[in-house]
Amino acid sequence: MNTTADPREGEGVEGFPGQEQSQPGKTAPMDPEPDHGEQSYRGTGQLTGRRALITGGDSGIGRAVAIAFAREGADVAIGHLPEEAEDAAESVRWIEEAGRRGVALAADIRDTDAATQMVEQAREQLGGLDLLVLNAGYQRDRESIDTIPLDDVKRVFDTNLLGLIAGARAAVPHLQEGSSIIVTSSVQAFSPSPSLIDYAMTKAAQVAFVKALAEELGPRGIRVNAVAPGPVWTPLIPGTGWDEERIETFGTDTPLGRAGQPAELAGAYVYLASDAARYVSAAVLPVTGGKPL
């Protein structure tokens, strides 16, 4: 008897109820709430003794990775915006429930000094740093190139690129051999949507960042990789500004016919962080429901 799960089944097969939030999106108002692996993820000790910082760890993919890392034996600090404190506290609760140290650090990484301080605080409170997950991101729907708001484009670039570089710059001098940096890129880096043109630009730039930094840090024994999610049900989605129809059909255009849940990406990050991937660097691992890169 076949006991494996059918990948076509799960939340989002028929899309999601129309809904919208202001940025940054929150978990509680979402219908349905995302699955971060709270009840399903089972650790096997792959990251025992590691110390991780995950930016954007308050919700969505970041929370799923935080839960998985903790259940794999890592202590975890999460970065979050000050207004996301409630979601951040929930992530820390799950980290601590796994018996690991959890730390929430409020910082708007568009401010490079704040991004640097966040890394320093993570190192101090965890006693060092072995894993850096650069996951925080921002996107908004764009009607057309002739109406795109340049001030908001700057927010996209500052969050997705400047904050990412600032975090890496602060962390790298303190990373030892065997450490790992993982960036959350996107299928948008390879198949950009016109309505996400500025976001897609940053995600493509992140791929270049990963490849260049992997070449620089490889001789030091530090690996750098990326995960490229496809459509995943996180607070970023109702916060993007899409209309009801776009939310209702979100993810249904994938070969598997549905959007992913954050829990379904956690294993990719665990793999890239673990010794199982010790010969993997400069890679972009797609978790896209079958959408090709």
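Residues numbered from 1 in each chain as written. Predicted model: local features only at pLDDT ≥ 70, side-chain atom pairs only at ≥ 80, totals over all residues. Heavy atoms only, no water.

In the annotation of an unreviewed UniProt entry, the protein is listed under the name SDR family oxidoreductase and assigned to Microbacterium binotii. The UniProt entry for the protein carries the following text under Sequence similarities (unreviewed entry): "Belongs to the short-chain dehydrogenases/reductases (SDR) family." (UniProt positions renumbered as here; feature names shortened; annotations may be inferred.)

Let us look at unusual backbone geometry. Across residues other than glycine, the phi torsion is negative in most instances, and most of the peptide bonds are trans. At the junction of Gln 23 and Pro 24, the peptide bond is cis and its omega measures out at -5 degrees in the coordinates. Within the secondary structure, Pro 24 is located in the segment before β1 (51-55). In this model, Asp 31 is joined to Pro 32 through a cis peptide bond whose omega is 0 degrees. A positive phi angle is found at Ala 282, which is not glycine, with a value near 65 degrees. Following the sequence through the fold, Ala 282 ends up in the loop between α7 (263-273) and β7 (284-287). On the accessibility criterion, Ala 282 (31% relative accessible area) is partly exposed. (Helix = DSSP H or I, 4+ residues; strand = E, 2+ residues; numbered from the N terminus. Buried < 20%, exposed > 50% of the residue type's maximum accessible area, 1.4 Å probe, protein only.)

When the charged atoms of two side chains with opposite charge come close together, those side chains can pair. Tallied over the entire structure, the rule returns 14 salt bridges. Among the ionic pairs, Arg 93 bridges to Glu 90, the shortest N-O distance being 2.9 Å. With Arg 93 and Glu 90 both in helix α2 (residues 85-97), this residue pair falls three residues apart, about one helical turn. Here Glu 90 falls in the partly exposed class, since its relative accessible area comes to 27%. Here Arg 110 ties to Asp 108 by a salt bridge, and the two come within 2.7 Å at their closest N and O atoms. Owing to a relative accessible area of 33%, Arg 110 belongs among the partly exposed residues under this scheme. Under the relative-accessibility criterion, Asp 108 is labelled partly exposed at 24%. Residues joined in a network through salt bridges with shared partners are Glu 90, Arg 93 and Glu 97. (Salt bridge = Lys/Arg side-chain N within 4 Å of Asp/Glu carboxyl O.)

Our next topic: the sheet that holds β1. Overall, parallel pairing links the seven strands, which are arranged β3-β2-β1-β4-β5-β6-β7 in an open sheet. With partners counted over all chains shown, the strands left at the sheet margins are β3 (102-106) and β7, one partner each. The sheet shows a mean angle of 15 degrees between the axes of neighbouring strands, taken without regard to direction. Against the sheet, helix α5 (residues 197-217) makes contact with β4 (131-134), β5 (180-184), β6 (223-229) and β7, and its axis sits at roughly 170 degrees relative to β5, the strand it touches most. (Pairing = 2+ DSSP bridges. Axes fitted to C-alpha atoms, helices over the stretch in contact; angles between N-to-C directions. Contact = heavy atoms within 4.5 Å.)

What follows deals with a negative patch on the surface. A cluster of acidic residues, Asp 141, Glu 143, Asp 146, Asp 243, Glu 244, Glu 245 and Glu 248, forms a negative patch on the protein surface. If you trace the backbone, Glu 143 turns up in the loop between β4 and α4 (150-171). (Patch = residues over 30% accessible without salt bridge, like charges linked within 9 Å, V, L, I, M, F, W, Y side chains within 5 Å. Areas by Shrake-Rupley, 256 points an atom, 1.4 Å probe, with all protein chains shown as cover. Lys, Arg positive; Asp, Glu negative; His and termini not counted. Charge placed at Lys NZ, Arg CZ, Asp CG, Glu CD.)

Residues Leu 53, Leu 134, Ile 181 and Phe 209 are the most contacted members of the largest nonpolar core, which totals 37 residues. Among the elements of the structure, β3, α3 (112-126), β4, α4, β5, α5 and β6 are those that each provide at least two residues to this core. Setting aside chain neighbours within four positions, we find Phe 209 in contact with Leu 134, Leu 164, Ile 165, Ala 168 and Val 183. Counting 29 residues, the second-largest nonpolar core is a separate cluster that includes Ala 66, Ala 74, Ile 78 and Val 270. (Core = buried A, V, L, I, M, F, W, Y, C linked by side-chain atoms within 4.5 Å.)

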